[in-house]
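Now for the letters of each chain:
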Amino acid sequence: MVAPHTPVLLAEVLEWLQIKPDGIYVDATLGAGGHSAAIAARLSSGRLISLDRDAQALQIARERLSEFASKVTFVHTAFSKIAEAVHGLGIAKVDGVLADLGVSSMQLDRPERGFSFREGGPLDMRMSSGEAEEDTLTADEIVNQWSETEIADLLYREAEEHDSRRIARAITKARPIRDTAHLATVVAGARKQWGRQRLHPATKTFLALRIAVNREMEELGQFLSRTPATLNSGGRMVVLTYHSLEDRPVKRAFQEAERAGTLKVLTRHVIVPSPEEQGANPRSRSAKLRCAEKV
């Protein structure tokens, strides 16, 4: 069964990547394969390399992209290891790289993965399902074993949660936290209500836990520093972010590379989804696209 999936900013991604039919491209965050399928459909003699650290995602996307099997190479790895993945295939440089930093709906919608606060699931949150040796940290360890101060600092640092201290106190008092539904209830009870709530009160807590468990900011930093060297001259790098903590380092990395003369920033203002797309796919609401070109 192939999971339903709506790729965010699809037309804009294809437009900014400027796909050449004979080019070589990397989808660094394959997910359910929506962007990869659209890129592969535009290739004739070209090639697409699709990376994901989640073996389950790779399996589903492989099924979804079976008609493009001759053009797509799937690599089970984190997007921070883009250079190793490309060079490991005997390719020196590529013509374009896409990274969509959102968690795929497929992961969010499966309670057993522990990302969802709407249904009870194990406190896991590992993108990789724990296949790699270093992927031992889980959300369970953080909420049930870390100190109140460590949890409060994490929530503030990784998700700018202003009620971090109050939430951390509530979490440590409610231990043992059994599952994601229990955690969401504890957090919701501890948070102050600020005006009209558009987001679930546990959104930022779950975001901070996910970022910490998967070392997302560290991975992003490595990806941003390594990718320009894998691009051909004129090759493009397109990144989709979903919150300011991701968007800021992308913006900064692009600006620094421009000052260093390695990249040229093409999106002076971020590209956001149209009101129509936001209406049709609410998960796209916070998306921002940035693009830079190798000089």
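Residues numbered from 1 in each chain as written. Predicted model: local features only at pLDDT ≥ 70, side-chain atom pairs only at ≥ 80, totals over all residues. Heavy atoms only, no water.

(A) Seen up close, unusual backbone geometry. The omega torsion of the bond from arginine 175 to proline 176 falls at -5°, within 30 degrees of zero and hence cis. Positionally, proline 176 belongs in the loop between α8 (164–173) and α9 (180–190). Despite not being glycine, leucine 9 has its phi angle at roughly 50°, a positive value. Mapping leucine 9 onto the fold places it in the segment before α1 (10–17). According to the relative accessible area criterion, leucine 9 is buried, its value standing at 0%. In this structure, methionine 125 takes a positive phi of about 75° despite not being glycine. (Helix = DSSP H or I, 4+ residues; strand = E, 2+ residues; numbered from the N terminus. Buried < 20%, exposed > 50% of the residue type's maximum accessible area, 1.4 Å probe, protein only.)

(B) Broad picture of the packing of helix α11 (residues 216–226) against helix α12 (residues 244–259). Where α11 contacts α12, the two axes come as close as 10 Å, and the packing angle between them is 20°. In terms of their interaxial angle, α11 and α12 are classed as roughly parallel. For the pair α11 and α12, the sense of crossing is right-handed. Residues Glu216, Met217, Leu220 and Leu224 of α11 form the contact with α12, whose participating residues are Leu245, Glu246, Pro249, Val250 and Ala253. Classifying every residue of the contact of α11 with α12 by side-chain character gives seven nonpolar, no polar and two charged. (Axes fitted to C-alpha atoms, helices over the stretch in contact; angles between N-to-C directions. Parallel < 35°, antiparallel > 145°, perpendicular 65-115°, else oblique. Left-handed = near helix turned anticlockwise from the far one by under 90°. Contact = heavy atoms within 4.5 Å. Nonpolar A, V, L, I, M, F, W, Y, C, P; charged D, E, K, R; others polar.)

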